[in-house]
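Close look at the chain arrangement
Below are the chains, spelled out letter by letter.
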8 protein chains.
Amino acid sequence: MQTREVLEQLVEGKISIEEAEKFFKKEPIENMGFARLDLHREVRSGFPEVIFCQNKPDEFLIEIFKKLVEKDKRALGTRASEHQAELILSELPNAQYDKVSRILKVDPMDRELKGNVCVCSAGTADLFVAEEAAQTAEYFGAGVTRVYDVGVSGLHRLLAEVDTIRKATCVIAVAGMEGALASVIGGLVENPVIAVPTSVGYGANMKGLSALLTMINSCANGIAVVNIDNGYGAGYMAAQINRLAVRGYE
Amino acid sequence: MQTREVLEQLVEGKISIEEAEKFFKKEPIENMGFARLDLHREVRSGFPEVIFCQNKPDEFLIEIFKKLVEKDKRALGTRASEHQAELILSELPNAQYDKVSRILKVDPMDRELKGNVCVCSAGTADLFVAEEAAQTAEYFGAGVTRVYDVGVSGLHRLLAEVDTIRKATCVIAVAGMEGALASVIGGLVENPVIAVPTSVGYGANMKGLSALLTMINSCANGIAVVNIDNGYGAGYMAAQINRLAVRGYE
Amino acid sequence: MQTREVLEQLVEGKISIEEAEKFFKKEPIENMGFARLDLHREVRSGFPEVIFCQNKPDEFLIEIFKKLVEKDKRALGTRASEHQAELILSELPNAQYDKVSRILKVDPMDRELKGNVCVCSAGTADLFVAEEAAQTAEYFGAGVTRVYDVGVSGLHRLLAEVDTIRKATCVIAVAGMEGALASVIGGLVENPVIAVPTSVGYGANMKGLSALLTMINSCANGIAVVNIDNGYGAGYMAAQINRLAVRGYE
Amino acid sequence: MQTREVLEQLVEGKISIEEAEKFFKKEPIENMGFARLDLHREVRSGFPEVIFCQNKPDEFLIEIFKKLVEKDKRALGTRASEHQAELILSELPNAQYDKVSRILKVDPMDRELKGNVCVCSAGTADLFVAEEAAQTAEYFGAGVTRVYDVGVSGLHRLLAEVDTIRKATCVIAVAGMEGALASVIGGLVENPVIAVPTSVGYGANMKGLSALLTMINSCANGIAVVNIDNGYGAGYMAAQINRLAVRGYE
Amino acid sequence: MQTREVLEQLVEGKISIEEAEKFFKKEPIENMGFARLDLHREVRSGFPEVIFCQNKPDEFLIEIFKKLVEKDKRALGTRASEHQAELILSELPNAQYDKVSRILKVDPMDRELKGNVCVCSAGTADLFVAEEAAQTAEYFGAGVTRVYDVGVSGLHRLLAEVDTIRKATCVIAVAGMEGALASVIGGLVENPVIAVPTSVGYGANMKGLSALLTMINSCANGIAVVNIDNGYGAGYMAAQINRLAVRGYE
Amino acid sequence: MQTREVLEQLVEGKISIEEAEKFFKKEPIENMGFARLDLHREVRSGFPEVIFCQNKPDEFLIEIFKKLVEKDKRALGTRASEHQAELILSELPNAQYDKVSRILKVDPMDRELKGNVCVCSAGTADLFVAEEAAQTAEYFGAGVTRVYDVGVSGLHRLLAEVDTIRKATCVIAVAGMEGALASVIGGLVENPVIAVPTSVGYGANMKGLSALLTMINSCANGIAVVNIDNGYGAGYMAAQINRLAVRGYE
Amino acid sequence: MQTREVLEQLVEGKISIEEAEKFFKKEPIENMGFARLDLHREVRSGFPEVIFCQNKPDEFLIEIFKKLVEKDKRALGTRASEHQAELILSELPNAQYDKVSRILKVDPMDRELKGNVCVCSAGTADLFVAEEAAQTAEYFGAGVTRVYDVGVSGLHRLLAEVDTIRKATCVIAVAGMEGALASVIGGLVENPVIAVPTSVGYGANMKGLSALLTMINSCANGIAVVNIDNGYGAGYMAAQINRLAVRGYE
Amino acid sequence: MQTREVLEQLVEGKISIEEAEKFFKKEPIENMGFARLDLHREVRSGFPEVIFCQNKPDEFLIEIFKKLVEKDKRALGTRASEHQAELILSELPNAQYDKVSRILKVDPMDRELKGNVCVCSAGTADLFVAEEAAQTAEYFGAGVTRVYDVGVSGLHRLLAEVDTIRKATCVIAVAGMEGALASVIGGLVENPVIAVPTSVGYGANMKGLSALLTMINSCANGIAVVNIDNGYGAGYMAAQINRLAVRGYE
């Protein structure tokens with residue numbers, strides 16, 4: 001329905017002022033002064049807003065956690081420090097904190113996880129990113145399979161799990177150092193691979209830039225890349241892809 | 001069925017040597033001397049092998065085009081020069097060449113395009129990449145909607161097309177210069193966005209590196225990035241995602 | 001009046017030695033040993049000298065604050081630590097310190113703020129830079145409008161404020177991560193935009209270099225860029241531009 | 001007037017459907033298929049759209065030049081090749097082409113140039129950028145003063161022109177190699193300086209990146225930077241600033 | 001024998017002046033004016049001097065080829081152009097030129113190739129480097145096995161050749177784009193791997209720097225890296241390692 | 001023996017199911033949950049697995065040290081902190097810790113060191129890397145000669161040791177700052193040189209990147225490079241090369 | 001004598017207006033429109049102005065050559081193309097052109113060369129830079145010794161010339177690839193070394209940046225660096241240093 | 001005298017074995033195990049060895065300070081921490097420590113400082129480098145003039161000191177941020193300028209790399225550059241140049 005039609009129907013009394021207003025109304029924003037909470041994000045994206053905790057002042061963190069929990073019954077915080085976890089746990093006792101992934105969340109887990117996202121990681125040092133990705137995907141409703149410590153320097157470890165990996169709607173490949181894992185997996189599966197470079201390594205890895213370049217230049221098909229250590233971003237996109245597979249297209 | 005079982009059943013005569021052989025057999029490769037054709041890729045990935053034409057010697061290009069057409073009735077070549085187009089057209093008269101995307105293909109188009117991938121581009125100079133993405137996605141079976149010249153410096157052009165873009169299973173955002181288009185679209189849609197930086201620009205864009213960094217650092221959710229000018233890679237992954245939506249998950 | 005004329009007039013007694021001396025005299029500098037205070041900067045630029053506090057030894061900071069306050073009745077210090085704030089407050093009790101912007105100043109605020117500089121920021125984490133810009137512009141006499149947390153990933157937040165932003169003589173766009181805010185604003189307003197990349201982000205943002213590159217490569221017109229986190233520089237230049245609008249040109 | 005009011009007035013018959021429609025109507029765009037002409041840009045920014053000629057196909061260039069001239073009686077093309085100049089001159093005989101700046105324009109020059117933008121360049125090799133800046137500022141209505149070949153290695157050349165430079169509402173400092181000119185001018189004037197790094201130089205200047213870094217890190221106040229060789233961008237912003245000075249602020 | 005001893009024996013008549021002179025004599029160098037031919041390199045390194053043909057003026061190339069052939073009966077030139085090949089072939093009719101590797105040599109092949117160096121390449125586009133490596137190793141006496149087009153995006157091609165690769169005393173892994181081949185091979189063999197990044201790729205591969213970084217950051221053991229496209233350097237070092245295996249250690 | 005043959009012989013009773021199983025069996029992996037121990041690495045590479053201690057959680061470190069010692073009677077840990085050393089020493093009293101190299105190991109030293117690897121370092125600040133290389137090579141069975149503090153700025157120190165260096169089967173050249181040592185040694189010896197850039201230096205050495213580039217671009221033959229500060233990697237590869245020399249080739 | 005004194009003496013008639021004028025007079029500049037010739041440079045620096053020919057338009061080059069020759073009887077042009085050489089030779093028949101260094105000059109050579117600058121180069125490919133340095137130093141009056149092709153990969157070539165090199169007042173070390181020559185020479189001589197990185201090399205040398213970094217990070221004392229391929233700059237500074245040695249200090 | 005002659009004279013009894021031995025003898029080195037003290041450096045370079053204190057273990061620092069003081073009566077240590085200062089002061093009570101430059105030395109100052117090196121610095125934050133340069137030059141015998149806080153953003157401060165600066169045999173220009181000071185000074189003096197970039201600045205200055213690039217690309221003549229913050233290196237080379245001026249050339 002276009003502008004003209006709406007206005008004509010309004011004049012003709014076919015629709016009320018409230019209905020017309022709704023058509024033109026911009027999406028509501030809650031302006032908290034220091035921030036503008038995007039409360040309709042779930043309408044727009046199908047996923048609720050998430051809190052990037054790093055460097056957020058204490059008062060703000062508490063306020064925003066409370067507001068989201070009040071509205072949605074749940075809230076996901078990423079990159080939360082132990083101090084922030086204690087803070088939120090004292091305010092919201094049903095919150096949970098995971099040291100490895102640094103995820104801080106309130107999640108009644110009252111929904112069924114559907115589909116199958118597979119999170120693969122190259123080394124044990126990459127776990128903090130892999131778990132952020134896995135738990136994010138779960139928060140957004142995806143079933144997750146974890147296949148960890150399958151870096152390419154001991155290829156048989158990866159080959160032993162190929163059948164498991166091939167079953168996923170979307171694979172997340174997490175790797176630091178030279179980041180070759182994404183290319184190898186890309187050549188073995190039929191569904192999309194989201195590559196996450198990690199800052200794990202030393203010397204010329206330049207805090208993950210080297211792994212990022214490896215993944216961007218991959219010779220394999222079906223690979224796209226997110227920022228260094230961005231497990232959250234990979235989990236989010238994997239959940240989107242998995243949702244498409246679960247929901248189908250109409 | 002595991003190794004032990006297969007061997008036991010063989011000894012017990014429950015399966016034939018041929019059946020056991022098939023279990024252990026590696027996937028066949030056609031070794032052409034200069035190259036090893038991956039003829040079973042379609043089995044593994046669901047998509048046939050594609051030819052990266054750039055810098056391929058004439059004789060090799062002809063041989064590989066013929067072999068793929070013979071096997072699959074179709075073949076897709078990317079980054080083909082006009083010289084290569086003439087070469088293949090003289091050998092395979094039903095081939096087609098598109099100067100903008102530099103795609104050279106044999107494609108009877110005997111299949112229905114399904115789903116909906118939306119390819120957005122920022123400027124007219126990005127068309128060569130956008131069309132490579134669009135035609136690749138079509139080759140792999142996806143329906144494609146094109147929304148071109150909607151760069152963020154004239155935002156109303158993009159906003160006028162938001163409803164169209166939101167309908168896609170997957171959006172490809174193609175942009176050079178500062179590459180901000182991906183972030184803006186990422187905030188407007190619910191399905192995944194594949195960002196393609198292009199080498200369009202000058203000065204400090206460093207042949208596309210600047211746009212690549214912009215996209216990798218995007219503050220929006222649901223964005224992953226492929227290599228500079230890699231329209232093919234974006235089209236491939238979009239087709240994978242779109243296929244998941246069309247096929248569903250079982 | 002040229003050298004020759006001055007000398008001739010001097011010899012002819014048309015001007016005094018003092019007048020001739022004034023013609024040739026270099027601008028005075030106060031050499032404090034460790035530094036040369038540029039006391040005539042206000043004459044040259046119309047704005048008084050400002051103190052970059054970071055890493056200044058305590059004794060020097062006190063001495064220079066006192067000298068400037070004595071001369072001008074006011075003084076602006078940027079990037080002041082809490083330690084430095086305590087130090088100056090104990091010496092100059094009418095000084096003020098703002099933790100967010102790290103601005104330490106003595107300012108009787110005995111002047112009218114004129115014109116309208118609009119400071120926009122992408123995220124809450126960019127506030128420390130945005131406030132440095134806003135308070136600097138105010139110190140140099142500009143009226144300031146603040147529009148914070150309007151990053152492009154939730155475009156409706158920005159669009160809801162477009163009319164406000166368009167009213168400014170100069171817009172300061174502060175953004176980290178991918179820094180796309182500047183391009184989007186650049187396409188919406190008619191007056192100049194000063195873009196400030198911030199070091200906010202992680203991974204491939206390389207402490208703000210990525211946002212800097214985005215802004216330098218902007219496809220929008222009317223944008224120029226200052227150094228990463230340089231809120232002061234943006235506020236200074238915005239005050240210059242705003243002063244031109246207020247004063248006019250004769 | 002807000003959404004609700006418009007609708008109420010419409011229902012109450014205080015305004016017509018056409019008037020209400022106008023309120024909600026998006027800005028018009030001319031979709032030429034390959035491009036979306038932003039015909040209302042002049043309304044939004046006060047300056048007409050400009051054509052970036054580089055790599056534009058011949059047919060498109062002709063069509064867009066004609067359309068703009070038809071609408072505005074004038075048109076500005078930047079980075080035009082000699083081939084493109086011949087093309088447009090044969091279609092629009094009153095067009096003009098300048099080899100140095102590569103500016104191709106139709107401009108009856110039927111307006112008064114107002115205010116004073118000063119374009120300074122470091123070396124003779126930087127002229128192609130300086131002239132692009134100067135002619136762009138003139139196209140957008142600014143008076144321009146040119147002060148060329150005043151690089152810092154022979155400082156007296158610059159010092160001899162300080163009075164001239166200080167008179168401008170805005171200074172454009174164009175320099176390649178180490179780009180120190182901008183800092184030196186920044187310390188001498190009271191109005192804003194737009195710094196343009198050029199790709200002139202060799203070795204470690206990395207095609208202008210070195211000069212860009214110099215300018216971004218300038219220790220002087222009142223300097224902001226545009227992309228390497230972006231004379232157009234500097235001229236545009238200088239014209240905006242100069243317009244503010246000429247028009248004043250109300 | 002030390003300095004003192006030599007002198008004492010000389011004085012005592014136990015050795016002649018010629019013998020003492022030989023002890024102190026510096027290694028001879030043939031100063032050709034434009035160059036100093038290192039004729040004793042073979043004594044020092046066990047391998048004769050090689051000619052890097054690229055950009056050598058014609059006269060010099062001819063002179064140096066002749067001098068080496070005269071002395072050693074053979075000569076190896078790398079990175080020779082077709083023009084240079086014609087030049088040398090007209091002077092030395094028994095010379096040979098290979099277009100792919102750009103190796104131009106005079107080699108009677110009157111020696112037995114010993115040991116086994118395995119040269120692996122990722123794609124057909126990497127052949128020019130792989131062949132330079134292979135032919136260099138052969139020139140220096142090593143037997144060579146070629147395993148080409150075994151990039152990691154189709155892993156089964158590589159796995160099918162693992163037994164062959166494991167037999168080598170030294171493996172050369174040649175790969176462009178993301179360069180993951182070296183890491184995968186490194187995890188599969190017991191002998192050293194020399195990794196050669198190639199400039200093959202586009203976009204963010206930055207002419208081979210990305211592959212170089214991948215290889216330097218490899219998570220696998222037993223890998224060291226040479227310069228981009230430096231097939232010669234890899235072949236030289238592989239020949240050294242292979243020679244150690246063949247000769248043994250005493 | 002190929003798949004078919006194995007199966008035929010099994011059916012014919014020539015081999016047992018166990019023997020056939022062994023043929024097809026994948027190499028065993030011990031999945032410890034958080035990690036997959038590669039217990040057959042020694043079979044594959046001839047060298048046992050090594051523990052990269054940095055950032056490993058305490059419990060994991062203890063468990064993996066114990067498991068390796070139990071299996072092999074020895075274990076090598078690199079980049080161990082003093083805290084980790086105390087931890088392991090309290091569990092495994094026969095462990096040893098070296099502060100300089102940060103190597104933590106259990107090593108009964110019940111084997112003969114063979115051959116001769118020479119480790120050269122440029123400055124005293126490079127010792128931590130040089131010792132990691134030397135002790136790694138010894139752990140893997142190589143005899144080691146240390147030649148330290150022979151940087152090129154005092155060339156006579158290096159020249160005095162040339163005869164010693166020439167005797168090695170493989171030379172490791174460790175250098176920070178400008179890293180020129182590798183090139184100079186490369187021109188003096190006949191066996192391979194493994195170059196290790198170190199992070200020692202300041203300013204434009206960019207934490208070792210400058211030394212890495214120097215070594216990668218070396219004009220000398222027979223040099224390959226490992227990652228910055230990667231003494232372990234150099235020691236490993238030197239031990240491989242030395243083993244070839246000791247064992248010979250059959 | 002200070003401003004006041006001059007004015008007083010003028011009024012008192014102790015000095016004439018001309019003498020006072022001379023005191024205040026700025027240094028003269030010849031404004032040629034497109035350029036400002038710095039005719040008094042010789043007074044200021046002791047060396048006449050030099051022409052950087054690269055990309056200078058023909059007419060300008062001719063005009064400036066003529067003006068300098070007219071004034072000084074000689075002129076030095078650097079980076080001149082063969083076309084430019086022909087141009088100037090047809091106008092100024094006593095001009096000379098050297099293809100290797102691309103130096104185009106008019107030089108009657110009517111002065112004695114004094115002192116001793118030693119120019120060393122690593123390889124034959126670096127000659128074009130070495131000769132530019134050598135001929136520049138000669139143009140500015142220095143005696144020059146050339147020691148070419150003494151790169152560090154064949155150290156004995158350099159060691160054989162150490163006595164010659166030690167005699168110079170200043171050494172210029174020209175090297176591409178890894179640029180280690182400067183460090184080695186720096187450790188062998190007592191006078192200053194000016195290091196010139198060249199763009200000679202390939203792959204990770206990044207057109208000379210690698211050699212530049214090597215030289216900047218040199219562990220040897222007494223080394224400073226000029227831009228890549230900047231033989232002119234090195235020759236100029238060497239001539240300054242040599243002049244100090246010849247003239248002495250008073 | 002050449003090898004042959006020496007041997008002949010020995011045999012003929014014209015010289016003794018000791019005299020012949022001295023001819024062939026390499027320069028002595030004191031091998032302290034962890035380091036090789038270069039005791040003859042003073043013979044070779046005319047300047048004694050200097051101690052780079054940073055990261056040197058306590059025992060080593062003490063031992064080397066003592067050894068040098070014992071030999072030379074004086075010793076210079078650079079980049080010494082306060083802890084190291086206390087350490088050495090307790091062992092060598094006549095040592096002196098300067099916090100700003102971090103120079104720790106024993107220096108009876110029993111020599112006359114000759115000539116005139118001028119050290120200029122741009123800002124007060126650059127003092128730590130400027131003082132390291134100044135004190136180093138003094139240690140090696142040069143008279144030093146200090147001209148601090150003369151950055152180009154307030155040009156009149158520098159111009160007021162031009163006559164002072166012009167008197168030096170060599171100027172050291174120390175600057176951070178954009179580093180433009182070197183170019184401006186280079187154009188004003190006739191003797192060589194050694195440019196020292198400092199790490200002072202923020203954002204895109206990348207810890208001094210930006211200033212380094214500015215200085216390397218300088219458009220002025222007679223400038224060469226040392227590493228970031230390398231005041232020592234600049235002071236050393238300035239002392240060499242100044243010594244040439246003082247000593248003259250014979």
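Worth saying up front: this structure is predicted, and the values here are computed from it rather than measured. (Residues numbered from 1 in each chain as written. Chains lettered and ligands numbered in written order. Predicted model: local features only at pLDDT ≥ 70, side-chain atom pairs only at ≥ 80, totals over all residues. Heavy atoms only, no water.)

**Observations regarding the relation of the copies chain B and chain A**
There are two copies of the chain, and a rotation about an axis plus a shift along that axis relates them. Note the threshold: The copies were overlaid with a least-squares fit restricted to C-alpha atoms from residues scoring a pLDDT of at least 70 in each copy. Two residues qualify as a contact provided that any one of their heavy atoms is within 4.5 Å of a heavy atom in the partner residue.
Take chain B, turn it by 180°, move it 0.1 Å along the axis, and it overlays chain A with an RMSD of 0.2 Å. Considering both components of the superposition, the chain copies are consistent with a two-fold axis. Interface overlap between copies is the fraction of interface residues in one copy that are interface residues in the other; for chain B against chain A it reaches 100%, indicating a shared surface.

**A word on the pairing of strand E9 (residues 170-175) of chain E**
Consecutive side chains along a regular strand alternate between the two faces of the sheet. All names here are of chain E. Quick reminder of the rule: We call a residue buried when its accessible area falls under 20% of the maximum for its residue type, exposed when it is over 50%, and partly exposed in between, using a 1.4 Å probe and counting protein chains only. Runs of H or I in DSSP of at least four residues are treated as helices and runs of E of at least two as strands, each being numbered from the N terminus. When DSSP finds two or more bridges between two strands, those strands count as paired. We call a crossover right-handed when, viewed with the strands running away from us, the connection from the first strand over the helix to the second turns clockwise.
In terms of residue burial, E9 counts as a mostly covered element, since six of its six residues are buried. By the alternation rule, side chains of E9 split into Cys170, Ile172 and Val174 and Val171, Ala173 and Ala175, which are all buried. One ladder, built from five bridges, connects strand E7 (residues 114-121) with E9; its direction is parallel. Each bridged residue has a counterpart across the sheet, and for Cys120 the counterpart in E9 is Ala173. In terms of strand pairing, E9 meets strand E10 (residues 193-197) through five bridges, oriented parallel. What sits directly across from Val174, in E10, is Val196. With helix H9 (residues 181-186) bridging E9 and its parallel neighbour E10, the resulting β-α-β unit is right-handed.

**Considerations on helix H4 (residues 58-72) of chain H**
Defined as follows: Here a helix's expected span is defined as the number of its residues, less one, multiplied by 1.5 Å.
With 15 residues, H4(H) ought to run about 21 Å at 1.5 Å a step, and its terminal C-alpha atoms sit 21 Å apart, in line with that. Those residues of H4(H) that sit buried are Phe60(H), Leu61(H), Ile62(H), Ile64(H), Phe65(H), Leu68(H) and Val69(H).

**Some points on the domain arrangement of chain A**
Size of an interface, as often reported, equals the accessible area lost when the parts are brought together. Residue and element names in this part refer to chain A. Selection criterion: Boundary definitions for the domains trace back to an automatic or database domain assignment. Buried area: the sum, over both parts, of the accessible surface (1.4 Å probe) that disappears when the two are put together. Criterion for a salt bridge: a side-chain nitrogen of Lys or Arg within 4 Å of a carboxyl oxygen of Asp or Glu. Contacts described as polar in this section are N or O atom pairs within 3.5 Å, which, within protein, must combine one atom able to donate a hydrogen with one able to accept it, while residues neighboring in sequence count only if both atoms come from side chains.
Annotation of chain A at the domain level lists domain 1 (3-106) and domain 2 (114-249). A separation of 28 Å is found between the C-alpha centroids of domain 1 and domain 2. When domain 1 packs against domain 2, close to 1,500 Å² is buried across both sides, 58% of that on carbon and sulfur atoms. Taken together, the connections running from domain 1 to domain 2 amount to one salt bridge. Between Arg79 and Glu132 there is a salt bridge, with the nearest N and O atoms lying 4.0 Å from each other. Across the domain 1-domain 2 interface, the total number found is five residue pairs in polar contact (both at pLDDT 80 or more). Mapped by element, the contributors of at least two residues to the side of domain 1 that touches domain 2 are strand E4 (75-78) and strand E6 (103-106).

**Comments concerning the relation of the copies chain B and chain F**
Turning chain B through 180° and shifting it by 0.2 Å along the axis lays it on chain F, with an RMSD of 0.2 Å. Looking at chain B, 100% of its interface residues are interface residues in chain F too, so the copies touch through the same face.

**With respect to the sheet that holds strand E3 (residues 51-52) of chain A**
All names here are of chain A. Strands sit in the order E3-E4-E6-E5 across an open sheet of four strands; the sheet is mixed. What marks the edges here is a single partner per strand, and that holds for E3 and strand E5 (96-98). As defined by bridge partners, E3 adjoins E4 across two bridges and the pair is classed as parallel. The residue of E4 that forms the bridge with Phe52 is Thr78.

**Comments concerning the pattern of salt bridges**
For the structure on display, the rule yields 72 salt bridges over all chains. Between Arg146(F) and Glu138(F) there is a salt bridge; the shortest N-O distance is 3.1 Å. Overall, the relative accessible area of 34% leaves Arg146(F) in the partly exposed class. Two residues, Glu131(G) and Arg146(G), come together in a salt bridge whose shortest N-O distance is 2.6 Å. Taken together, the residues span a long stretch of sequence, with Glu131(G) in helix H6 (residues 127-139) and Arg146(G) in strand E8 (residues 142-147) at a distance of 15 residues. Among the residues examined, Glu131(G) registers a relative accessible area of 13% and is labelled buried. Connected through salt bridges with shared partners, the residues Glu131(A), Glu138(A) and Arg146(A) form a single ionic network.

**A short note on the interface of chain B and chain F**
Contact residues are listed per partner, giving 11 residues for chain B and 11 residues for chain F. Both faces considered, chain B and chain F share a buried interface measuring about 1,100 Å² in area, 75% of it formed by carbon and sulfur atoms. The largest per-residue losses of area from chain B upon contact with chain F belong to Arg4(B), Leu7(B) and Ile17(B), which jointly make up 44% of the total buried on that side. At the boundary of chain B with chain F, the tally comes to zero salt bridges. On the surface where chain B and chain F come into contact, there are zero residue pairs in polar contact (both at pLDDT 80 or more). When contributions to the side of chain B that touches chain F are tallied by element, the ones reaching two or more residues are helix H1 (3-11) and helix H2 (17-24) of chain B. When residues of the side of chain B that touches chain F are assigned to their parent elements, the largest contribution, six residues, is made by H1(B).

**Some details on the packing of aromatic side chains**
Stated formally: Between 30 and 60 degrees the pair is tilted, below 30 it is stacked and above 60 it is edge-to-face, where a pair is any two Phe, Tyr or Trp rings, Trp via its six-membered ring, whose centres lie within 6.5 Å. We call a charge positioned above a ring when the Lys NZ or Arg CZ atom is no farther than 6 Å from the ring centre and deviates by at most 35 degrees from the ring normal.
Enumeration according to the criterion identifies 48 aromatic pairs over all chains in this entry. Considering the side-chain rings of Phe47(B) and Tyr236(B), the 5.0 Å spacing of their centres and the 85° angle between planes classify their relative orientation as edge-to-face. Note that Phe47(B) is positioned in the loop between helix H3 (41-45) and strand E3 (51-52) and Tyr236(B) in helix H11 (residues 231-247), a separation of 189 residues in sequence. Neither Phe47(B) nor Tyr236(B) differs from the other in exposure class; each is buried. Ring geometry for Tyr139(C) and Phe140(C): centres 5.5 Å apart, planes at 75°, overall edge-to-face. Judged by its relative accessible area of 1%, Tyr139(C) falls in the buried class. Between the NZ or CZ atom of Arg79(G) and the centre of the ring of Tyr202(D), over which it lies, the distance is 4.2 Å.

**So, the interface of chain B and chain A**
Our working definition: Three categories are distinguished: nonpolar for Ala, Val, Leu, Ile, Met, Phe, Trp, Tyr, Cys and Pro, charged for Asp, Glu, Lys and Arg, and polar for the others, with Gly belonging to the last.
Contacts between chain B and chain A engage 40 residues on the former and 40 residues on the latter. The contact between chain B and chain A buries some 3,300 Å² in all, and 56% of this surface belongs to carbon and sulfur atoms. At the junction of chain B and chain A, the tally comes to two salt bridges. The closest approach of N and O atoms between Arg247(B) and Glu190(A), which form a salt bridge, is 3.2 Å. At the boundary of chain B with chain A, the tally comes to 11 residue pairs in polar contact (both at pLDDT 80 or more). Of all elements in the fold, only H3, strand E7 (114-121), strand E10 (193-197), helix H10 (209-216), strand E11 (223-225) and H11 of chain B reach the threshold of two or more residues within the side of chain B that touches chain A. Examining the composition of the side of chain B that touches chain A, we find that 10 residues originate from one element, H11(B), more than from any other. Residues that form the side of chain B that touches chain A fall into these classes: 19 nonpolar, 13 polar and eight charged.

**A short note on the packing of helix H10 (residues 209-216) of chain F against helix H10 (residues 209-216) of chain G**
Let me state the cut-off plainly: Axis lines are fitted through C-alpha atoms, for helices just across the contact stretch, and the angle between N-to-C directions can take any value from 0 to 180 degrees. The cut-offs work like this: below 35 degrees is roughly parallel, past 145 is roughly antiparallel, 65 to 115 is roughly perpendicular, and the gaps in between are oblique. Each helix crossing is assigned a hand: it is left-handed if the near helix lies turned anticlockwise from the far helix by less than a right angle, otherwise right-handed if that turn is clockwise.
Orientation of H10(F) relative to H10(G), taken along the N-to-C sense of each, is 125°, at an axis distance of 9 Å. Comparing their axes, H10(G) and H10(F) come out oblique. Regarding H10(F) and H10(G), the two cross each other, and that crossing is left-handed. Contacts from Ser210(F), Leu213(F) and Thr214(F) of H10(F) reach H10(G) at Ser210(G), Leu213(G) and Thr214(G). The residue inventory of the contact of H10(F) with H10(G), partitioned by class, reads two nonpolar, four polar and no charged.

**What about unusual backbone geometry?**
One non-glycine residue, Arg79(E), lies in the positive phi region at around 50°. Tracing the backbone shows Arg79(E) in the loop between strand E4 (75-78) and helix H5 (82-91). Residue Arg79(E) is classed as buried on the basis of its relative accessible area of 10%. Its identity as a non-glycine residue notwithstanding, Met177(F) has a phi of 45°, on the positive side. Relative to the helices and strands, Met177(F) resides in the loop between strand E9 (170-175) and helix H9 (181-186).

**So, the pairing of strand E8 (residues 142-147) of chain H**
Residues and elements named next belong to chain H. Sheet topology places strand E7 (residues 114-121) next to E8; five bridges connect them, and they run parallel. Counted as the bridge partner of Cys120 is Val147 from E8. Between the parallel pair E7 and E8, the chain is carried across by helix H6 (residues 127-139), and the sense of this crossover is right-handed.

**Points about helix H6 (residues 127-139) of chain F**
Residue and element names in this part refer to chain F. Over its 13 residues, H6 runs 18 Å from end to end, which matches the ideal 18 Å to within 8%, given 1.5 Å per residue. Of all 13 residues in H6, 12 are buried; the element is thus mostly enclosed. Burial in H6 covers these residues: Leu127, Val129, Ala130, Glu131, Glu132, Ala133, Ala134, Gln135, Thr136, Ala137, Glu138 and Tyr139. Residue Gly141 follows H6 closely and has a positive phi angle near 100°.

**What to know about the sheet that holds strand E5 (residues 96-98) of chain H**
All names here are of chain H. Strand order in the open sheet formed by four strands is E3-E4-E6-E5, with mixed pairing between adjacent strands. Edge positions in the sheet fall to strand E3 (51-52) and E5, since each of these pairs with one other strand and no more. Each of strand E4 (75-78), E5 and strand E6 (103-106) touches H6; the most contacted strand, E6, lies at about 15° to it.

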